[in-house]
2 protein chains.
Amino acid sequence: MLYTSIENKKIKDLKKLNTRKYREKAGLFLVEGSHLVLEAFKAGRLVELILEENETFSLDIATMYVTHNILSYLSDMESVPTIMGVCKKQEREDVKGERLLLLDSIQDPGNLGTIIRSSVAFHVDTLVLGEHTVDLYNPKTVRSSQGMLFHLNVVSRPLTSLIPRLKEEGFHVFGTRVTGGTRLKEIKRVERFAVIMGNEGNGMSNEIAELCDDFIYIDMNEECESLNVGVATSIILYELDK
Amino acid sequence: MLYTSIENKKIKDLKKLNTRKYREKAGLFLVEGSHLVLEAFKAGRLVELILEENETFSLDIATMYVTHNILSYLSDMESVPTIMGVCKKQEREDVKGERLLLLDSIQDPGNLGTIIRSSVAFHVDTLVLGEHTVDLYNPKTVRSSQGMLFHLNVVSRPLTSLIPRLKEEGFHVFGTRVTGGTRLKEIKRVERFAVIMGNEGNGMSNEIAELCDDFIYIDMNEECESLNVGVATSIILYELDK
């Protein structure tokens, strides 16, 4: 079926997926471009394909054809794609594995996407989004994750209740700071760990810092106040993955 | 003096600084927000302060007062600042030091900013921008560098002529690839090195790859095709800074 009007109810509903509130209500989110659509399909998370009229894309999945105008209306990108996908959110929500990354109030969707990509690269088992963290299904997060969000177990939990439980289960809980604590290169290796990364401007909240066993910092030039949080996270995960 | 009209010639000229062409012609660029303005001032690169009427900011520098509308017109940001600065570009342009980072066609201004920030953190002496690399003074680059561009020696050079000269001078030239070459952890330490990072989508060009002594790759999960180039650069610089 070809959709030609942005007044169509289905199109209007898809457009609403650009807001977090409606994504949560519907349990769905949008991806843009063939790479992300394919990653979603391989992960069994693609529900429906949205294709520009006259385009073809061989996937055994429900497909709706739309005009360029509709893609432009639905897209979050400056250069409008010819293909988008409707995906379902991750269903199971268990903290599992031995290498955990916990995010405390990360605000920038691009940073979250970068962190997801590096989490897959360096074998994180579960990424935990604390309260006040940007939405996993924000279009910019999805895009900058380069599809890696389909390869990672991501859950949402209040960190103040999760951390004490992890400690009971034998996890070593590493907080992170710009200075103070143990240099990353000197961190002792432990089997089960949780690393906590804090907000872009303010770092970890005091409430959460008080729950940590130890703090990690990355040695650097004094002229540089701090690293980008996506970069700092990636360096820590790289080092702990050795 | 208070400027109230975006039709004013001086305001129009400042607006043109949002384009690379005019920045190159004028030798000037804009920064937004008090943090960047202060960094520019400390580095002796601030030429003039642009302040919203009724605001105060104690710097011994020429100041022009403008309306909120004018700041909104000049700003590249969604949330308009109350303070901006006109800065002069870096004057001296020498490749100096023993730790060099060379960029081959990096396209994303945010990635370049991240790379600048990590270059300062991990003691890069000179950052070399090859041809086809995004402009150092792009507003997004300046912003994501968090002012670190004022702490780094950055030069522009055609890499194909620079690299052979560096090799003659005893630099070890490391190319980078997603796979193939030497694992980052096993790289032998050398006193004088140049690391080359390639384009976000395509990596290094063949022409430049042929000039390298050795290739570095970062060990990672096979599910992850690649890392963000800002992240990969930062991890390599972190490791070589040990």
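Each chain has its residues counted from 1, running along the sequence as written. Written order decides the labels, with chains lettered from A and ligands numbered from 1. In keeping with the model being predicted, local features are shown solely for residues with a pLDDT of at least 70 and side-chain atom pairs are shown and tallied solely at 80 or more, while totals for entire chains, interfaces and linings include all residues. Water and hydrogen atoms play no part in the side-chain values, which are based on all heavy atoms of the structure.

### Topic: the overall build of chain A
Stage number 1. By the criteria applied, helices consist of DSSP H or I runs no shorter than four residues and strands consist of E runs no shorter than two, each listed in order from the N terminus. Along the backbone of chain A there are nine helices and 12 strands.
Stage number 2. Considering only C-alpha atoms, chain A reaches an extent of 60 × 40 × 30 Å along its principal axes.
Stage number 3. Within chain A, residue pairs in contact and separated by at least 24 positions form 73% of the contacts whose partners lie at least 6 positions apart.
Stage number 4. Exposure was quantified through the Shrake-Rupley algorithm and a 1.4 Å probe, taking into account, for residues, occlusion by the shown protein chains and nothing else. Element-wise, carbon and sulfur atoms account for 45% of the exposed surface of chain A, whose accessible area totals about 10800 Å².
Stage number 5. The charge count includes Lys and Arg as positive and Asp and Glu as negative, but it does not include His or the ends of the chains. Each charge is placed at NZ for Lys, CZ for Arg, CG for Asp and CD for Glu. Across chain A, the centroid of the 29 positively charged side chains sits 4 Å from that of the 36 negatively charged ones. When checking whether two residues touch, look at their non-hydrogen atoms; a contact exists if any pair is within 4.5 Å.

### Side note on the pattern of salt bridges
Residues and elements named next belong to chain A.
Stage number 1. The working definition used for a salt bridge is a side-chain nitrogen of Lys or Arg within 4 Å of a carboxyl oxygen of Asp or Glu. All chains considered together, the criterion is met by 32 salt bridges over all chains.
Stage number 2. In this structure, K10 and E48 form a salt bridge, with 2.9 Å as the shortest nitrogen-oxygen distance. With K10 in helix α1 (residues 9-16) and E48 in strand β3 (residues 46-52), this pair connects stretches of sequence that are 38 residues apart.
Stage number 3. Note that E39 is salt-bridged to K42, the shortest N-O span being 3.7 Å. Residue E39 and its partner K42 are both found in helix α3 (residues 34-42); the two are separated by three residues, about one turn of the helix.
Stage number 4. We classify E39 as buried; its relative accessible area is 4%.
Stage number 5. When salt bridges that share partners are traced, they join K9, D13 and K16 into one network. A 1.4 Å probe rolled over the protein chains alone gives each residue an accessible area, and that area as a share of the maximum for its type sets the label: buried under 20%, exposed over 50%, partly exposed in between.

### Thoughts on empty space enclosed by the protein
Stage number 1. Cavities and pockets were defined on a 1 Å grid built from protein atoms only: a cavity is a group of points that admits a 1.4 Å probe but offers it no way out, a pocket is an open group of points flanked by protein on both sides within 12 Å along at least five of seven lines, and a lining residue is one with an atom within 4 Å of any such point. Grid points are joined across faces, edges and corners, and a volume is the space filled by probe spheres set on the points. For the structure shown, the criterion picks out two cavities of 30 Å³ or more.
Stage number 2. Computed from the structure, the largest cavity encloses a volume of approximately 100 Å³.
Stage number 3. With four residues, strand β2 (residues 28-32) of chain B is the largest single contributor of residues to the lining of the largest cavity.
Stage number 4. Here the lining of the largest cavity is built from residues that sort into 10 nonpolar, one polar and three charged.
Stage number 5. Both domains that furnish three or more residues to the lining of the largest cavity are identified here as domain 1 (2-88) and domain 2 (99-240) of chain B.
Stage number 6. The calculated volume of the second largest cavity comes to roughly 80 Å³.
Stage number 7. Lining the second largest cavity are L17, N18, L30, V31, E32, L36, D76, Y137, P139, V142 and R143 of chain A. Lys, Arg, Asp and Glu make up the charged group, whereas Ala, Val, Leu, Ile, Met, Phe, Trp, Tyr, Cys and Pro make up the nonpolar group; the residues left over, Gly among them, are polar. Each domain's limits were defined by an automated method or a database of domain assignments.

### A look at the interface of chain A and chain B
Stage number 1. If you look at the interface, chain A gives 30 residues, while chain B gives 30 residues.
Stage number 2. Buried area adds together the accessible area that both of two parts lose upon being put together, with accessible area traced by a 1.4 Å probe. A buried area of about 2500 Å², summed over both sides, lies between chain A and chain B, and 60% of it is on carbon and sulfur atoms.
Stage number 3. Counting the contacts that link chain A with chain B gives zero salt bridges.
Stage number 4. Think of a polar contact as two N or O atoms within 3.5 Å of one another; within protein, one of them needs to be a possible hydrogen donor and the other a possible acceptor, and neighboring residues in sequence only count if both atoms come from side chains. Where chain A meets chain B, there are 10 residue pairs in polar contact (both at pLDDT 80 or more).
Stage number 5. Counting only elements with at least two residues in the side of chain A that touches chain B, the list comes to α3, α5 (109-121) and α9 (229-240) of chain A.
Stage number 6. By residue number, the principal contributor to the side of chain A that touches chain B is α9 of chain A, which donates six residues.
Stage number 7. For the side of chain A that touches chain B, the residue count by class is 12 nonpolar, 10 polar and eight charged.

### Re the domain arrangement of chain A
Residues and elements named next belong to chain A.
Stage number 1. Assigned domains of chain A: these are domain 1 (2-88) and domain 2 (99-240).
Stage number 2. With centres defined by C-alpha atoms, the gap from domain 1 to domain 2 works out at 31 Å.
Stage number 3. Each side of the interface is counted separately: domain 1 has 15 residues, and domain 2 has 14 residues.
Stage number 4. Buried area between domain 1 and domain 2, summed over both chains or domains, comes out near 1300 Å², and the portion from carbon and sulfur atoms is 58%.
Stage number 5. Between the two partners, domain 1 and domain 2, sit two salt bridges.
Stage number 6. Notably, a salt bridge pairs R23 with D135, separated by 2.8 Å at the nearest N-O pair.
Stage number 7. Viewed at the interface, domain 2 and domain 1 are joined by six residue pairs in polar contact (both at pLDDT 80 or more).
Stage number 8. Looking at the side of domain 1 that touches domain 2, the elements that each hand over two or more residues are α2 (20-26), β2 (28-32) and α3.
Stage number 9. For the side of domain 1 that touches domain 2, the element with the highest residue contribution is α3, accounting for four residues.
Stage number 10. Of the residues in the side of domain 1 that touches domain 2, the class split is eight nonpolar, two polar and five charged.

### Notes on the packing of aromatic side chains
Residue and element names in this part refer to chain A.
Stage number 1. Any two of the Phe, Tyr and Trp rings considered here, Trp counted by its six-membered ring, make a pair once their centres fall within 6.5 Å; the pair's planes then place it as stacked at under 30 degrees, edge-to-face at over 60, or tilted in between. In total, this model carries six aromatic pairs over all chains according to the counting rule given.
Stage number 2. Centre to centre, the rings of F29 and Y137 are 4.3 Å apart; their planes meet at 35 degrees, and the pair counts as tilted. Note that F29 is positioned in strand β2 and Y137 in the loop between β7 (126-129) and α6 (139-144), a separation of 108 residues in sequence.
Stage number 3. For the pair F122 and Y238, a centre-to-centre distance of 5.8 Å together with 70 degrees between the ring planes defines the contact as edge-to-face.

### Description of unusual backbone geometry
Stage number 1. The residue S105 of chain A is not glycine, and still its phi comes out positive at about 65 degrees.
Stage number 2. Tracing the chain through its elements places S105 of chain A in the loop between β6 (99-103) and α5.
Stage number 3. On the basis of relative accessibility, which here comes to 15%, the residue S105 of chain A falls in the buried class.
Stage number 4. Even without glycine at this site, N54 of chain B takes up a positive phi of about 75 degrees.
Stage number 5. Within the secondary structure, N54 of chain B is located in the loop between β3 (46-52) and β4 (63-66).
Stage number 6. Classification of N54 of chain B by relative accessible area gives exposed; the value is 75%.

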